[in-house]
Amino acid sequence: METELMRIGVSLPDNLLSKFDEIIEKRGYPSRSEGMRDAIKSYIFHYEWINDVKGDRIGTIAVIYDNTKKGLSNILTNTQHNYSHLIRSSVCVYLDRENCFELIFLNGKGEDIAELAESIIALKGVKFSKLTTISLNK
């Protein structure tokens, strides 16, 4: 069964598109469209996975963010305070003048952990965020 293809337009910063083009060339994609389809599939898979994190979990959220983004540090702190029942510890490392790396250690209900991770990645100025969890019951 053939799926109808839809044409869309996407605006990207030049440096992001250049990096993407390098990657799809190295990976041997025949076109940008094929690379974009795989990237979107991966994004959807990750979204579905994060929404399936359930039960008692331990885990980490790794975050790289722009420390020069006005107000972002305060928003991250307030967000973490709202989820203090999950957070066991966190460490912040200043990578350079602009970039901070924060690692947040968690223990609690998987749904709450996923909610916290989603709220962090959605913040403007967060460059990277990765949630890793495991269940101690399995």
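What counts, and at which threshold
Residues numbered from 1 in each chain as written. Predicted model: local features only at pLDDT ≥ 70, side-chain atom pairs only at ≥ 80, totals over all residues. Heavy atoms only, no water. Buried < 20%, exposed > 50% of the residue type's maximum accessible area, 1.4 Å probe, protein only. Helix = DSSP H or I, 4+ residues; strand = E, 2+ residues; numbered from the N terminus. Arc of directions from axis to C-beta. Contact = heavy atoms within 4.5 Å. Patch = residues over 30% accessible without salt bridge, like charges linked within 9 Å, V, L, I, M, F, W, Y side chains within 5 Å. Areas by Shrake-Rupley, 256 points an atom, 1.4 Å probe, with all protein chains shown as cover. Salt bridge = Lys/Arg side-chain N within 4 Å of Asp/Glu carboxyl O. Pairing = 2+ DSSP bridges. Expected span 1.5 Å × (residues − 1). Core = buried A, V, L, I, M, F, W, Y, C linked by side-chain atoms within 4.5 Å.

Draft legend 1. Structural view of helix α3 (residues 72-82). For α3, the full list of buried residues reads L72, L76, T79 and Q80. For α3, the angular spread of the buried residues around the axis is 95°, confining them to a single face. Away from the buried face of α3 by more than 90 degrees, exposed residues N74, H81 and N82 are located. Where α3 is buried, its residues meet β1 (56-66), β2 (87-94), β3 (99-109), α4 (110-121) and β4 (126-134).

Draft legend 2. Fine view of a nonpolar patch on the surface. On the surface, a nonpolar cluster with roughly 520 Å² of combined accessible area is contributed by M6, I8, V10, L12 and L16. In this fold, L16 is placed in helix α1 (residues 14-27).

Draft legend 3. Representation of the pattern of salt bridges within the structure. On inspection of all chains with the given rule, the structure shows 3 salt bridges. D21 is the salt-bridge partner of R32, the closest N and O atoms lying 2.7 Å from each other. Of this pair, R32 sits in helix α2 (residues 32-50) while D21 sits in helix α1; the two residues are 11 residues apart in sequence, bridging distant segments of the chain. By relative accessible area, which is 24% here, D21 ends up partly exposed. E34 serves as the salt-bridge partner of R37, at 2.5 Å between the closest nitrogen and oxygen. Of this pair, R37 and E34 both sit in helix α2, 3 residues apart, which is roughly one turn of that helix.

Draft legend 4. Molecular detail of the pairing of β2. Pairing between β2 and β3: 7 bridges, direction antiparallel. Within β3, the position partnered with V93 by the bridge is F101. Between the end of β2 and the start of β3, which pair antiparallel, lie 4 residues.

Draft legend 5. Representation of α1. For α1, which comprises 14 residues, the first-to-last C-alpha distance of 20 Å matches the rise-based estimate of 20 Å (1.5 Å per residue) to within 8%. Phi turns positive, to about 80°, at G28, one or two residues after α1.

Draft legend 6. Region of the structure containing the environment of K124. Within the fold, K124 resides in the loop between α4 and β4. Linking K124 and D66, residues 58 residues apart in sequence, is a C-alpha distance of 9.0 Å. With residues near it in sequence (within four places) discarded, K124 still touches K69 and L72.

Draft legend 7. Geometry of the nonpolar core. If you look at the biggest cluster of nonpolar residues, it comprises 21 residues, and the most contacted ones within it are I61, L106 and I120. When residues of this core are traced back to their parent elements, those giving at least two are β1, α3, β3, α4 and β4. In terms of residue count, α4 provides more of this core than any other element does, 5 residues in total.

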